[in-house]
Amino acid sequence: MDAMGFLYTPLPLWVSVGGWAIAALVLTLALLQRPFRRLQDGTLQHVWLAIIVAISVLWATNAWLDDGPVMHLLGATLLVTLFDWALALVAMALVSGVAALVFDAAWHGVALTFLIYGAMPVGVSALLQRACTAWLPRNLFAFICAQGFVSPAIAVTVAGVAAAATHIALADGSSAVVPVGYAFSVFLLAAGEAWFTGMSTALIAVYKPTWVTTNDVRRYRLGGPRT
């Protein structure tokens, strides 16, 4: 599986080191927010860990496109919806580490994988979450549609474009490293991500609203008072 995805693509040393430096900076910023305060409840701890395991499985069931970009569901938006961006970043870092262990990958591409497939969709999802909170109607339907279906589709599309652009940059500007059907594959992936995240968000918002730690239950009518 040589040269497949960033976990296997030979990277210049400065790209590897720079990726690790940026990843460390991003995680430090997340940890400064003291994100684990959201996990004081034992149930939420189990939910957070269970989602990390589930997303790791999603990352393990991926598709390699002509020894170039890799495609798999990301799960980042669901983490942002439930636990906000800082805790989602920590979770995606753990998922990236688990993926590297599962695929027996070298250390060079782990940080870049985290930045593009973890940190970037988390950042996009967090920005969209803020926009939805500020501009959309305060009801459950708007919450599920916007943060459950629309946001993950946009986040995956941005990550897919960034992955392709990075592969092209690493190939000295040659677009030959991006398969002809890549755009359609990104569309299918975005649709799958929207369906997976949207259905999960709808079920959690209706049946387990206390798991949604980022939104006031009174604002979106997600259920009874929090414990």
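Residues numbered from 1 in each chain as written. Predicted model: local features only at pLDDT ≥ 70, side-chain atom pairs only at ≥ 80, totals over all residues. Heavy atoms only, no water.

Caption draft 1: A look at the pattern of salt bridges. On inspection of all chains with the given rule, the structure shows 2 salt bridges. A salt bridge links aspartate 84 to arginine 130; the nearest nitrogen and oxygen atoms lie 3.3 Å apart. Residue aspartate 84 is found in helix α4 (residues 76-102), and its partner arginine 130 is found in helix α5 (residues 110-135); the two are separated by 46 residues along the sequence. Accessibility expressed as a relative area gives 14% for aspartate 84, which makes it buried. Counted as one network, the salt bridges with shared partners bring together Arg38, Asp84 and Arg130. (Salt bridge = Lys/Arg side-chain N within 4 Å of Asp/Glu carboxyl O. Helix = DSSP H or I, 4+ residues; strand = E, 2+ residues; numbered from the N terminus. Buried < 20%, exposed > 50% of the residue type's maximum accessible area, 1.4 Å probe, protein only.)

Caption draft 2: Inspection of helix α3 (residues 42-60) at higher detail. With 19 residues, α3 should cover 27 Å at 1.5 Å per step; its first-to-last C-alpha distance of 27 Å lies within 8% of that length. Of the residues making up α3, those classed as buried are Leu44, Val47, Trp48, Ile51, Ile52, Ile55, Ser56, Leu58 and Trp59. Here the buried face of α3 lies against α4, α5 and α7 (182-207). Where α3 begins, the capping side chain belongs to aspartate 41, and its oxygen is found 3.0 Å from the backbone nitrogen of threonine 43. (Expected span 1.5 Å × (residues − 1). Contact = heavy atoms within 4.5 Å. Polar contact = N/O pair within 3.5 Å; in protein donor to acceptor, adjacent residues only side chain to side chain.)

Caption draft 3: Quick peek at the nonpolar core. Ranked by size, the top nonpolar core spans 56 residues in total, and within it Trp48, Trp59, Leu79 and Phe83 carry the most contacts. Elements with a contribution of two residues or more to this core: α2 (13-31), α3, β2 (70-71), α4, α5, α6 (140-170) and α7. When neighbours within four sequence positions are excluded, leucine 79 is seen to be in contact with Trp48, Ile51, Ile55, Asp84, Ala88, Ala91 and Met92. (Core = buried A, V, L, I, M, F, W, Y, C linked by side-chain atoms within 4.5 Å.)

Caption draft 4: Focus on the packing of aromatic side chains. Per the stated rule, a full pass over the model turns up 3 aromatic pairs. Aromatic side chains phenylalanine 36 and tryptophan 48 sit 5.8 Å apart centroid to centroid with 90 degrees between the ring planes, which places their arrangement in the edge-to-face category. In this pair, phenylalanine 36 sits in the loop between α2 and α3 while tryptophan 48 sits in helix α3, placing the two residues 12 residues apart along the sequence. A relative accessible area of 42% means that phenylalanine 36 is categorised as partly exposed. Note on tryptophan 48: relative accessible area 6%, which makes it buried. Ring plane angle 75 degrees and centroid distance 6.5 Å describe the contact between tryptophan 59 and tyrosine 117, whose orientation is recorded as edge-to-face. Separated by 58 residues along the polypeptide, tryptophan 59 in helix α3 and tyrosine 117 in helix α5 bring together distant segments of the chain. The same class applies to tryptophan 59 and to tyrosine 117, which are both buried. (Phe/Tyr/Trp six-rings, centres within 6.5 Å; stacked < 30°, edge-to-face > 60°.)

Caption draft 5: Spotlight on empty space enclosed by the protein. In this structure the tally under the stated criterion is 2 cavities of 30 Å³ or more. Considered as a void within the structure, the second largest cavity measures approximately 60 Å³ in volume. Taken together, Val70, Met71, His72, Leu74, Tyr117, Val156, Ala159, Gly160, Tyr182 and Leu189 make up the lining of the second largest cavity. Looking at the lining of the second largest cavity, the elements with two or more residues in it are β2, α6 and α7. Classifying every residue of the lining of the second largest cavity gives 8 nonpolar, 2 polar and no charged. (1 Å grid on protein atoms, 1.4 Å probe; cavity = no way out; pocket = protein on both sides within 12 Å on 5 of 7 lines; lining within 4 Å. Points joined across faces, edges and corners; volume = space filled by probe spheres on them. Nonpolar A, V, L, I, M, F, W, Y, C, P; charged D, E, K, R; others polar.)

Caption draft 6: The arrangement of a nonpolar patch on the surface in detail. Side chains of Leu13, Val17, Trp20 and Trp107 sit close together on the surface and give an oily, nonpolar patch of about 430 Å² of accessible area. Judged by its relative accessible area of 47%, valine 17 is partly exposed. (Patch = residues over 30% accessible without salt bridge, like charges linked within 9 Å, V, L, I, M, F, W, Y side chains within 5 Å. Areas by Shrake-Rupley, 256 points an atom, 1.4 Å probe, with all protein chains shown as cover.)

Caption draft 7: Here's a closer look at the packing of α4 against α5. Two numbers describe how α4 lies on α5: the axes approach to 9 Å, and their chain directions differ by 175 degrees. Between α4 and α5, the interaxial angle falls into the category roughly antiparallel. Contact residues: α4 offers Ala76, Thr77, Val80, Thr81, Asp84, Trp85, Ala88, Leu89, Met92, Ala93, Ser96 and Ala100, while α5 offers Val110, Phe114, Tyr117, Gly118, Ala119, Pro121, Val122, Ser125, Ala126, Gln129 and Arg130. Looking at the contact of α4 with α5 residue by residue, the class counts come to 15 nonpolar, 6 polar and 2 charged. (Axes fitted to C-alpha atoms, helices over the stretch in contact; angles between N-to-C directions. Parallel < 35°, antiparallel > 145°, perpendicular 65-115°, else oblique.)

Caption draft 8: Examining the packing of α3 against α4 more closely. Where α3 contacts α4, the axes come no closer than 9 Å and their chain directions differ by 50 degrees. Between α3 and α4, the crossing angle belongs to the class labelled oblique. Seen along the crossing, α3 lies across α4 with a hand that is right-handed. Where α3 approaches α4, its residues Leu44, Val47, Trp48, Ile51, Ile52, Ile55, Ser56 and Trp59 are matched on the opposing element by Leu79, Leu82, Phe83, Leu87, Val90, Ala91, Met92, Leu94, Val95, Ser96, Val98 and Ala99. Within the contact of α3 with α4, the residues separate by chemical class into 18 nonpolar, 2 polar and no charged. (Left-handed = near helix turned anticlockwise from the far one by under 90°.)

No statement about biological role is implied by the geometric values presented.
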